[in-house]
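Working through the structure, step by step
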Amino acid sequence: MAALHGQQNTLTIPCSVEQEMSRHMHLSLPQEACGVVLGESAAGGIRISRFQPIRNVAPDPLHHFTLDQTEWIRCIFSGSTIVGIFHTHPHTTPTPSHEDLQALPDFGGMVQVYLIGSPNPDTQSSCSNPNESPSRMLMNAYQIATSNHQQPSNAASKFPSVHLIPMELRVT
Ligand SMILES: [Zn+2]
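The following paragraphs examine the structure supplied in this document.

Calculation notes
- Residues numbered from 1 in each chain as written.
- Predicted model: local features only at pLDDT ≥ 70, side-chain atom pairs only at ≥ 80, totals over all residues.
- Heavy atoms only, no water.
- Pairing = 2+ DSSP bridges.
- Helix = DSSP H or I, 4+ residues; strand = E, 2+ residues; numbered from the N terminus.
- Axes fitted to C-alpha atoms, helices over the stretch in contact; angles between N-to-C directions.
- Contact = heavy atoms within 4.5 Å.
- Phe/Tyr/Trp six-rings, centres within 6.5 Å; stacked < 30°, edge-to-face > 60°.
- Buried < 20%, exposed > 50% of the residue type's maximum accessible area, 1.4 Å probe, protein only.

1. Comments concerning the sheet that holds strand S2 (residues 34-42)
Taken in spatial order, the seven strands line up as S1-S3-S2-S4-S5-S6-S7 and close into a barrel, and their pairing is mixed. This sheet shows a mean twist of 35 degrees between the axes of neighbouring strands, independent of strand direction. Bridge count for S2 against strand S4 (residues 82-88) is five bridges, and the pairing is antiparallel. Across the sheet, residue Leu38 finds its bridge partner in S4, namely Ile82. The strands that helix H1 (residues 15-28) touches are strand S1 (10-13), S2, strand S3 (45-54), S4, strand S5 (113-119), strand S6 (137-146) and strand S7 (162-171); relative to S3, the one it contacts most, it runs at about 35 degrees. Along the sheet, helix H3 (residues 98-108) makes contact with S4, S5, S6 and S7, crossing S7 at roughly 85 degrees.

Here it is, written out as structure tokens:
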């Protein structure tokens, strides 16, 4: 985990939620798993309260993810606050792929957090709660940062300036 200094960029996830995400990842193998995380802004960052799995409807789910539109829309209208998107890299590291970065503008306006998980080859867990078993998942958290300097009518707005900033992930 990258040790970031400063208080404004921390993502807090309860162990139980992190384990739900890990479970969903392992149950979906060898395909990529995806879903959304619900939560709220908290002092110093964002606090996740719940994970909602969403069906991956990508034509090639072994290497891509596409959120099922119906489930996504149902989530939006459920009254919960969607703060982030989660998906997994079953065969690689939990860092954004080229395709992930290209698809970012689709989510940039709607969510603040981008989470990627990968199977953890060793049993060490980021979870510090001794009552929970190791999650067997490596996870990276990123903040989705958008720039608003481009006008919607601008032809370049098809490629708005969206990028990812690593967040400190705290599993409690
Ligand atoms: Zn990806």
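2. With respect to the pairing of S6
For S5 and S6, the ladder comprises seven bridges, and the chain directions are antiparallel. Its bridge partner lying in S6, Ser118 is registered against Leu138. The sheet contact formed by S6 and S7 spans six bridges and is antiparallel. Directly across from Gln143, in S7, lies its bridge partner Ile165.

3. As for the packing of aromatic side chains
By the definition in use, this model includes two aromatic pairs. Centre to centre, the rings of Phe51 and Phe86 are 5.5 Å apart; their planes meet at 85 degrees, and the pair counts as edge-to-face. You can see Phe51 sitting in strand S3 and its partner Phe86 sitting in strand S4, a full 35 residues away along the chain. Both residues of the pair, Phe51 and Phe86, count as buried. Aromatic pair Phe65 and Phe107: ring centres 6.4 Å apart, planes at 10 degrees, arrangement stacked.

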